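# What the coordinates show
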Amino acid sequence: MDAKMPYYMAYPMPFSYDDERTERMDFEYMKSMYPDAAKRILPYVEEECDRMEYENSMVYDQCPDKLQLRLMCRRVYDNVRKRERIFFGAEEEAGSSGTSGGGETGISGISGTARERGRGDRDRSPSLRDLIEVMLYQELYKRRCDHRRRCRRFY
């Protein structure tokens, strides 16, 4: 007589655990193809995300606060600015030699260097700020997905 096949063998379930491993490998491969500037910024972004990764963090809120996310981007930008000369070495030298002697005052009565400091670093490298912001949001998205997957409740 024909032996009956067990149900689980007749309709095998796909291995859902392999999907996570495949996604992680794909993500790591894509990160390895980042341009050099992004590869240098990535450790600072991951460090900030690690610092904010704790239970009940605002990172895991349903709608994270935009101000807090901007502050995270600012901290990453400040760390990159302090530690990486490749992005700011030439700009700082040009900025210090570009002002004319003695700190001339403009129409508003503020010296040229003080005016630059008052504006902040916003005008100096908006593309670097944008790159940091995009990389941070992408890293947070990945961590939020992993957190949801880990904290799934089956009851």
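Remember, it's a predicted structure, so these values are computed and weren't measured experimentally.

Turning our attention to a nonpolar patch on the surface. A cluster of nonpolar residues, Tyr29, Met30 and Met33, forms a patch on the protein surface that exposes about 330 Å² of accessible area. Inspection of the secondary structure puts Met30 in helix H2 (residues 16-32).

Here we come to the nonpolar core. Counting 22 residues, the largest nonpolar core has Ile41 and Met72 as its most contacted members. For this core, the secondary-structure elements that each account for two or more residues are helix H3 (36-51), helix H4 (66-83) and helix H7 (126-150). Here Ile41 is in contact with Val80, Phe87, Leu128, Leu131, Ile132 and Met135, once residues within four sequence places are set aside.

For the rest of this paragraph, the subject is the packing of H4 against H7. In the contact formed by H4 and H7, the axes pass within 9 Å of each other and the chain directions differ by 120°. What the angle tells us is that H4 and H7 run oblique. The way H4 lies across H7 gives a crossing that is right-handed. Contacts from Leu69, Arg70, Met72, Cys73, Arg74, Val76, Tyr77 and Val80 in H4 reach Leu128, Arg129, Ile132, Glu133, Leu136, Tyr137 and Leu140 in H7. Residue composition of the contact of H4 with H7, grouped by class: eleven nonpolar, no polar and four charged.

Summarising the element assignment, Glu84 is placed in the loop between H4 and helix H5 (85-98). For Glu84, the residues in contact, after removing those within four places along its chain, are Arg40 and Tyr44.

Moving on: the packing of aromatic side chains. Across all of its chains, the model carries zero aromatic pairs by this definition. A cation over a ring is seen here: Arg129 above Tyr77, with NZ or CZ 3.9 Å from the ring centre.

Right, let's get into the confidence of the model for the chain. Detailed conclusions should not be drawn from predicted coordinates in areas where pLDDT is low. Overall, the prediction assigns the chain a mean pLDDT of 76, with 66% of residues at 70 or greater. Across residues 96-119, where pLDDT falls below 50, the model places 13 contacts with residues more than four positions away in sequence or in other chains.

Let's shift gears to the pattern of salt bridges. Under the criterion given, the structure shown has 15 salt bridges. A salt bridge links Arg143 to Asp50; the nearest nitrogen and oxygen atoms lie 2.7 Å apart. Taken together, the residues span a long stretch of sequence, with Arg143 in helix H7 and Asp50 in helix H3 at a distance of 93 residues. According to the relative accessible area criterion, Asp50 is partly exposed, its value standing at 46%.

Attention now goes to the environment of Glu139. Structurally, the position occupied by Glu139 is in helix H7. For Glu139, a relative accessible area of 3% gives the class buried. If sequence neighbours within four positions are ignored, Glu139 has contacts with Phe27, Lys31, Val45, Glu46 and Cys49. At 2.9 Å, the side chain of Glu139 forms a polar contact with the side chain of Arg143.

Turning our attention to the environment of Arg74. Looking at the element boundaries, Arg74 is found in helix H4. Linking Arg74 and Ile132, residues 58 residues apart in sequence, is a C-alpha distance of 8.9 Å.

Before going further, it helps to spend a moment on H4. Note on helix geometry: an α-helix contains 3.6 residues per turn, so any two residues three or four positions apart are oriented the same way. Helix length check: H4 (18 residues) gives 26 Å between terminal C-alpha atoms against 26 Å at 1.5 Å per residue, within 8%. Of the residues making up H4, those classed as buried are Leu69, Met72, Cys73, Val76, Tyr77, Asn79 and Val80. Projected down its long axis, H4 carries its buried residues within an arc of 160°, all on one side. Projecting away from the buried face of H4 at angles above 90 degrees are the exposed residues Leu67 and Lys82.

Criteria and thresholds
- Going along each chain's sequence as written, the residues are numbered from 1 onward.
- Only residues with pLDDT of at least 70 are given local features in this predicted model, and only at 80 or more are side-chain atom pairs given and counted; all residues enter the totals for whole chains, interfaces and linings.
- To get the side-chain values, all heavy atoms of the structure are used, and hydrogens and water are removed first.
- Note on patches: the residues involved have over 30% relative accessible area and no salt bridge, like charges join within 9 Å, and the nonpolar side chains Val, Leu, Ile, Met, Phe, Trp and Tyr join within 5 Å.
- Areas reported here follow the Shrake-Rupley algorithm with a probe of radius 1.4 Å; residue values treat only the protein chains shown as occluding.
- Each reported salt bridge corresponds to a side-chain nitrogen of Lys or Arg within 4 Å of a carboxyl oxygen of Asp or Glu.
- Helix numbering and strand numbering both begin at the N terminus, where a helix is a DSSP run of H or I of at least 4 residues and a strand a DSSP run of E of at least 2.
- Among the buried residues, those of types Ala, Val, Leu, Ile, Met, Phe, Trp, Tyr and Cys that are joined through side-chain atoms within 4.5 Å form a nonpolar core.
- The cut-offs for exposure are 20% and 50% of the maximum accessible area for each residue type, with area from a 1.4 Å probe on protein chains only; residues under the lower value are buried, those over the upper are exposed, and the others partly exposed.
- Working rule for contacts: check all heavy atoms of both residues, and any pair within 4.5 Å makes them a contact.
- Axis angles are defined between N-to-C directions and span 0 to 180 degrees, where every axis is a line fitted to C-alpha atoms and, for a helix, only to the segment in contact.
- By definition in this entry, angles of less than 35 degrees are roughly parallel, angles greater than 145 are roughly antiparallel, angles of 65 to 115 are roughly perpendicular, and the rest are oblique.
- Rotating anticlockwise by less than a right angle from the far helix to the near helix defines a left-handed crossing, while the corresponding clockwise rotation defines a right-handed one.
- Under the grouping applied here, Gly and all other residues not named as nonpolar or charged are polar, the nonpolar ones being Ala, Val, Leu, Ile, Met, Phe, Trp, Tyr, Cys and Pro and the charged ones Asp, Glu, Lys and Arg.
- Centres within 6.5 Å make a pair out of two Phe, Tyr or Trp rings, where for Trp the six-membered ring is used; the pair is then stacked when the planes are under 30 degrees apart, edge-to-face when over 60, and tilted otherwise.
- Our definition puts a charge over a ring when NZ of Lys or CZ of Arg is within 6 Å of the ring centre and also within 35 degrees of the ring normal.
- What pLDDT conveys is the predictor's confidence in a given residue, as a value from 0 to 100.
- Throughout this description, a polar contact denotes any pair of N or O atoms lying within 3.5 Å of each other; where both atoms belong to protein, one of them has to be capable of donating a hydrogen while the other can accept it, and for residues adjacent in sequence the pair is counted only when both atoms sit in side chains.
- One less than the residue count of a helix, multiplied by 1.5 Å, gives the span that helix is expected to have.
- The arc in question is traced by the directions running from the helix axis to the C-beta atoms.

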